[in-house]
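Structure assessment
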Amino acid sequence: MADQPFAVSSLFSLSIGTYEMGSFTRCDGLGCVMESEERVEGGTNGRVWQLPTRLRYPPVVLSRPLTWQTVLIWAWMQQQVNIPVRLPGQLVALGPDRRPIVRWLLDGVVPVRWSAPSFDADQSQVARETLEIAHNGFLTVSL
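Summarised in this report is the structure supplied together with it. Given the structure is predicted, the values throughout are model-derived calculations rather than measurements.

1. Thoughts on the overall build of the protein chain
- Helix and strand content of the protein chain: one helix and 10 strands.
- Counting helices and strands in the order they occur from the N terminus, the protein chain gives β-β-β-β-β-β-α-β-β-β-β.
- Taken over C-alpha atoms, the radius of gyration comes to 19 Å for the protein chain, far larger than the 15 Å a tight globule of 143 residues would show.
- For the protein chain, the spread of C-alpha atoms along the principal axes amounts to about 70 × 50 × 35 Å.
- For the protein chain, buried positions account for 29% of its 143 residues.
- Of all intrachain contacts in the protein chain linking residues separated by at least 6 positions in sequence, the fraction that spans at least 24 positions is 62%.
- Surface summary for the protein chain: the accessible area is close to 9400 Å², and the carbon and sulfur share equals 55%.
- If you average the places of the 12 positive and of the 13 negative side-chain charges in the protein chain, the two averages end up 3 Å apart.

If you want it as structure tokens, here you go:
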């Protein structure tokens, strides 16, 4: 296992349908939450049953330094305004050598929010953009 690639300072490549969104340097919210219901059994005072009900998928928030690729996000979002279509998405974690480590196929991706960086001549920070997407779950997760 020592020779297996691992994610340190990874990039995340995103594509949605036929739209290649480019690489991102930060990814938050990728995961799922198992919701459950409590059930109390009559005569059993020693425990409460936790029954799984559904999986919920939080929005995924991706960010990167501002590049020419921001026009790709804008084109996709503009298309969604004109003809809203939930498209499959692919998020790939890339290792330091830019080779894929893990690939997530997302079901029914839609844009939630895009934000441009704040521009301030008094600050010497990298201008970062942020994209937030929602999805209906994972189609597959593969290596």
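2. Notes on unusual backbone geometry
- A positive phi is found at Arg-98, a non-glycine position, where the angle reads about 70 degrees.
- Along the chain, Arg-98 falls in the loop between strand S7 (87-94) and strand S8 (100-115).

3. Notes on the side chain of Gln-80
- Structurally, Gln-80 is set in helix H1 (residues 70-82).
- Note on Gln-80: relative accessible area 8%, which makes it buried.
- Leave out the neighbours within four places in its chain, and Gln-80 touches Val-85, Leu-87, Val-110 and Pro-111.

4. Things to note about the pairing of strand S1 (residues 11-16)
- For S1, the buried fraction is high: five of the six residues fall into the buried class.
- Two strands pair when backbone bridges link them, and S1 and S7 are joined in this way by six bridges, in the antiparallel orientation. Within the sheet, the bridge partner assigned to Leu-11 lies in S7 and is Leu-94.
- Taken together, the five bridges between S1 and strand S2 (residues 19-24) define a ladder with antiparallel strand orientation.

5. Overview of the packing of aromatic side chains
- As enumerated under the stated definition, the model contains one aromatic pair in all.
- Centre to centre, the rings of Tyr-57 and Phe-138 are 5.5 Å apart; their planes meet at 85 degrees, and the pair counts as edge-to-face. One end of the pair, Tyr-57, is in the loop between strand S5 (49-56) and strand S6 (60-65); the other, Phe-138, is in strand S10 (residues 137-142), with 81 residues separating them in the sequence.
- For Tyr-57, a relative accessible area of 22% puts it in the partly exposed group.
- A cation over a ring is seen here: Arg-64 above Phe-24, with NZ or CZ 4.1 Å from the ring centre.

Scoring rules and cut-offs
- Residues numbered from 1 in each chain as written.
- Predicted model: local features only at pLDDT ≥ 70, side-chain atom pairs only at ≥ 80, totals over all residues.
- Heavy atoms only, no water.
- Helix = DSSP H or I, 4+ residues; strand = E, 2+ residues; numbered from the N terminus.
- Rg over C-alpha atoms; globule rule 2.2 N^0.38 Å.
- Buried < 20%, exposed > 50% of the residue type's maximum accessible area, 1.4 Å probe, protein only.
- Contact = heavy atoms within 4.5 Å.
- Areas by Shrake-Rupley, 256 points an atom, 1.4 Å probe, with all protein chains shown as cover.
- Lys, Arg positive; Asp, Glu negative; His and termini not counted.
- Charge placed at Lys NZ, Arg CZ, Asp CG, Glu CD.
- Pairing = 2+ DSSP bridges.
- Phe/Tyr/Trp six-rings, centres within 6.5 Å; stacked < 30°, edge-to-face > 60°.
- Lys NZ or Arg CZ within 6 Å of the ring centre and 35° of its normal.

Honestly, it's all geometry; don't read function into it.
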